[in-house]
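Letter by letter, the chains look like this.
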Amino acid sequence: MAELRATIAAREKLSEEKDAQKEQLADCVERLGKENKEIAARMAIELRKKAEIISRLHEAAVQRVPFECGRESLVQSLPSLISSEMDCALSDPRHLSLVERLWERAKIKSLSTLRIMRRVDFGDFIENCLYQDQPVSLGYSASINAPHVIAMALDMMKKQLRSARRILEIGSGSGYFTTCLAHATPSNAVIYALEHVPQLAESSLRNIRKHHGSFLDSGKIVVLAQDGRAGLPSHAPFDIIYLGAALQTVPESLLAQLRPGGAVFGPVGSLFNQEFVCLTKDTNGSLYKRVIGKVMFAYLGDLAQQLSFDA
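A quick note: this is a predicted structure, and the numbers were derived from the prediction, not measured. (Residues numbered from 1 in each chain as written. Predicted model: local features only at pLDDT ≥ 70, side-chain atom pairs only at ≥ 80, totals over all residues. Heavy atoms only, no water.)

(A) View of the packing of aromatic side chains. Summed over all chains, the structure comprises 5 aromatic pairs. Each ring, one from Phe122 and one from Tyr176, has its centre 4.2 Å from the other, and the planes form 5 degrees; the classification is stacked. Taken together, the residues span a long stretch of sequence, with Phe122 in the loop between helix H6 (111-119) and strand S1 (136-139) and Tyr176 in helix H8 (residues 176-184) at a distance of 54 residues. Looking at Phe122, the relative accessible area reads 2%, which means it is buried. For the ring pair Phe125 and Tyr176, a centre distance of 5.3 Å and an interplane angle of 85 degrees mean the geometry is edge-to-face. Highlighted residues: Phe125 in the loop between H6 and S1 and Tyr176 in helix H8, separated in sequence by 51 residues. Of the two residues, Phe125 and Tyr176, both sit in the buried class. (Phe/Tyr/Trp six-rings, centres within 6.5 Å; stacked < 30°, edge-to-face > 60°. Helix = DSSP H or I, 4+ residues; strand = E, 2+ residues; numbered from the N terminus. Buried < 20%, exposed > 50% of the residue type's maximum accessible area, 1.4 Å probe, protein only.)

(B) Representation of the side chain of Asp239 in the model. In this structure, Asp239 sits in strand S6 (residues 238-243). For Asp239, a relative accessible area of 18% puts it in the buried group. Side-chain polar atoms of Asp239 contact the backbone nitrogen of Arg165, separated by 2.9 Å. Residues contacting Asp239, with those up to four places away along its chain left out, are Ala164, Arg165, Arg166, Leu258, Arg259, Gly262 and Ala263. (Polar contact = N/O pair within 3.5 Å; in protein donor to acceptor, adjacent residues only side chain to side chain. Contact = heavy atoms within 4.5 Å.)

Structure (structure tokens):
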């Protein structure tokens, strides 16, 4: 019964939003149509896009949300979901379509991850982006992971991200996941993104600056061009350490930088046999390992070796 009531409430809420969009569109055309047809036309197109998004959200809420969101309250989540949809209404349609497909196929399992991935356009981080669910090479033996893998990581980390204040990302590459982390964490959180290929570190700053530059200006994202395998002891301890590339094992020196109650997420194993794991440190310093599943990430190797691939 609770799920049914939530579904009905969701349907009513979204119906109200759709009606409001129609009224706003009509008012826009009436007020501005005579004065400036060009402005009215642009606004009308934007509002139609927003109305279409609200309509698709209606379908998703009714068909998926009560069964996929678990403990998350549908009614409480809808206002922020709708707000984020308004923010990304003018994003590349190919990006929005890709994320919708991931949602429909249950590759994205939570509303929080859906919101984040819709707001962070892959096209900002990949040159000549084709918007396909597959990894893309960045050069220097590095790559940006397939979108469904990024969604899996965000879903697995969402509980810890809600309260994290200090995050270390090792192997930040294009800056895409860094930006997702910034959207997923509290306003006073800081993400230290380590990338030891200088060219990638520089390009990630340009990528983030395109539409998420406020995270750089505020200091929420700090990109450092240095080897991440040693961590960042000067800024430890961290609530979360994320491995953006695979390591054979997580070194003790890195685990020592994890705050009690914190967790390490990422791929561990050999080049062709990796598992995405969560290593949680309890208040006594003991570690508990949970295996999420098999993955295939780029390997975090020596800088000279990585640069040699593009020499």
